[in-house]
Amino acid sequence: EAGVTQFPSHSVIEKGQTVTLRCDPISGHDNLYWYRRVMGKEIKFLLHFVKESKQDESGMPNNRFLAERTGGTYSTLKVQPAELEDSGVYFCASSLGVSSPLHFGNGTRLTVT
Amino acid sequence: QQPVQSPQAVILREGEDAVINCSSSKALYSVHWYRQKHGEAPVFLMILLKGGEQKGHEKISASFNEKKQQSSLYLTASQLSYSGTYFCGTGGSYIPTFGRGTSLIVHP
């Protein structure tokens with residue numbers, strides 16, 4: 001089966017610009033998660049979708065971040081406007097059930113200059 | 001509250017054993033273990049859902065002490081392919097919260 005895919009793999013933008021990250025989960029996985037890892041720190045939870053509904057967005061840093069999951073398939077995470085501290089690797093993961101193992105994508109490395 | 005892993009880094013020779021510990025200040029429902037190689041996606045190793053449960057994956061096994069809110073990952077007779085960063089994810093709810101990881105380097 002195809003794994004979780006994320007686009008782009010790398011993005012370099014200037015402070016104040018907008019970036020949209022995309023995640024395609026494994027087909028049939030209703031649960032989709034976004035995480036972020038800043039170098040040397042923990043993999044920090046951002047939010048959790050079940051199908052198209054946001055179940056938990058307690059980890060979203062602020063209102064500059066907007067996540068959507070249209071039709072319960074792929075998801076996008078938009079950062080607008082980007083700030084320097086938004087730099088890091090953004091991981092998407094999907095799972096069959098809430099207690100199931102997470103399948104991670106390769107991540108999108110975001111650099112804000 | 002993220003779990004705390006120890007040690008932060010381990011350097012081994014091929015064939016040696018290692019233990020990575022993970023502890024939480026909150027009651028745990030589950031513990032996940034993942035390994036990430038540089039530039040790649042974290043890969044699932046195992047999940048433990050009950051207190052006292054132990055699971056194995058090749059020569060890698062883990063235990064979960066629900067009462068102590070701790071889990072340990074045991075790597076036996078380490079191989080070069082074991083190198084990477086190991087993350088534990090702990091769930092007070094169903095969503096795993098990850099720590100900073102333990103970097104494991106296995107030398108020939």
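Preceding this paragraph is the structure being described.
The model shown is predicted, which means the values in this text are computed figures rather than measured ones. By convention here, each chain's residues receive numbers from 1 onward along its written sequence. Naming scheme: in the order in which they are written, chains are lettered from A and ligands are numbered from 1. Given that this is a predicted model, residues contribute local features only at a pLDDT of at least 70 and side-chain atom pairs are listed and counted only at 80 or more, while totals for whole chains, interfaces and linings are drawn from all residues. Excluding hydrogens and water, the side-chain figures rest on all heavy atoms present in the structure.

A. Layout of the state of the cysteines. Any two cysteine sulfur atoms lying within 2.5 Å of each other are counted as a disulfide. Enumeration over the complete set of coordinates arrives at two disulfides over all chains. In this model cysteine 23 of chain A forms its disulfide with cysteine 92 of chain A; the gap between the sulfur atoms is 1.8 Å. What sets the handedness of the cysteine 23 of chain A and cysteine 92 of chain A disulfide is the S-S torsion sign, and at about -60 degrees it is left-handed. Residue cysteine 23 of chain A is located in strand E3 (residues 19-24), and its partner cysteine 92 of chain A is located in strand E9 (residues 88-95); the two are separated by 69 residues in the primary sequence. Here cysteine 23 of chain A and cysteine 92 of chain A have matching classes, each one buried. Disulfide partner of cysteine 22 of chain B: cysteine 88 of chain B, at an S-S distance of 2.0 Å. Handedness here is read from the sign of the S-S torsion; for cysteine 22 of chain B and cysteine 88 of chain B, about 75 degrees, the answer is right-handed. In this pair, cysteine 22 of chain B is assigned in strand E3 (residues 18-23) and cysteine 88 of chain B in strand E9 (residues 84-91), connecting sequence segments 66 residues apart. Its relative accessible area of 2% is what places cysteine 22 of chain B among the buried residues. Under the relative-accessibility criterion, cysteine 88 of chain B is labelled buried at 0%. Comment: elements are numbered from the N terminus, with helices defined as DSSP H or I runs of at least four residues and strands as E runs of at least two. Classification of residues uses two cut-offs on accessible area relative to the type maximum, computed with a 1.4 Å probe and protein chains only: under 20% is buried, over 50% is exposed, and between them is partly exposed.

B. Focus on the interface of chain A and chain B. A contact between two residues is defined here by any heavy atoms of the two lying within 4.5 Å. Listed as interface residues are 19 residues of chain A and, on the opposing side, 17 residues of chain B. Buried area between chain A and chain B, both sides added, is near 1,600 Å², and the carbon and sulfur share of it is 63%. Buried area counts how much accessible surface, traced with a 1.4 Å probe, disappears from two parts once they are put together, with both parts' losses summed. The largest per-residue losses of area from chain A upon contact with chain B belong to Glu42, Ile43 and Ser99 of chain A, which jointly make up 29% of the total buried on that side. Think of a salt bridge as a Lys or Arg side-chain nitrogen and an Asp or Glu carboxyl oxygen that are within 4 Å of each other. At the surface where chain A touches chain B, the tally comes to zero salt bridges. N or O atoms within 3.5 Å of each other form a polar contact, as long as, within protein, one can give a hydrogen and the other can take it, and as long as residues adjacent in sequence are counted only when both atoms are side-chain atoms. Between chain A and chain B we count four residue pairs in polar contact (both at pLDDT 80 or more) in total. When residues of the side of chain A that touches chain B are traced back to their parent elements, those giving at least two are strand E4 (31-37) and strand E5 (43-50) of chain A.

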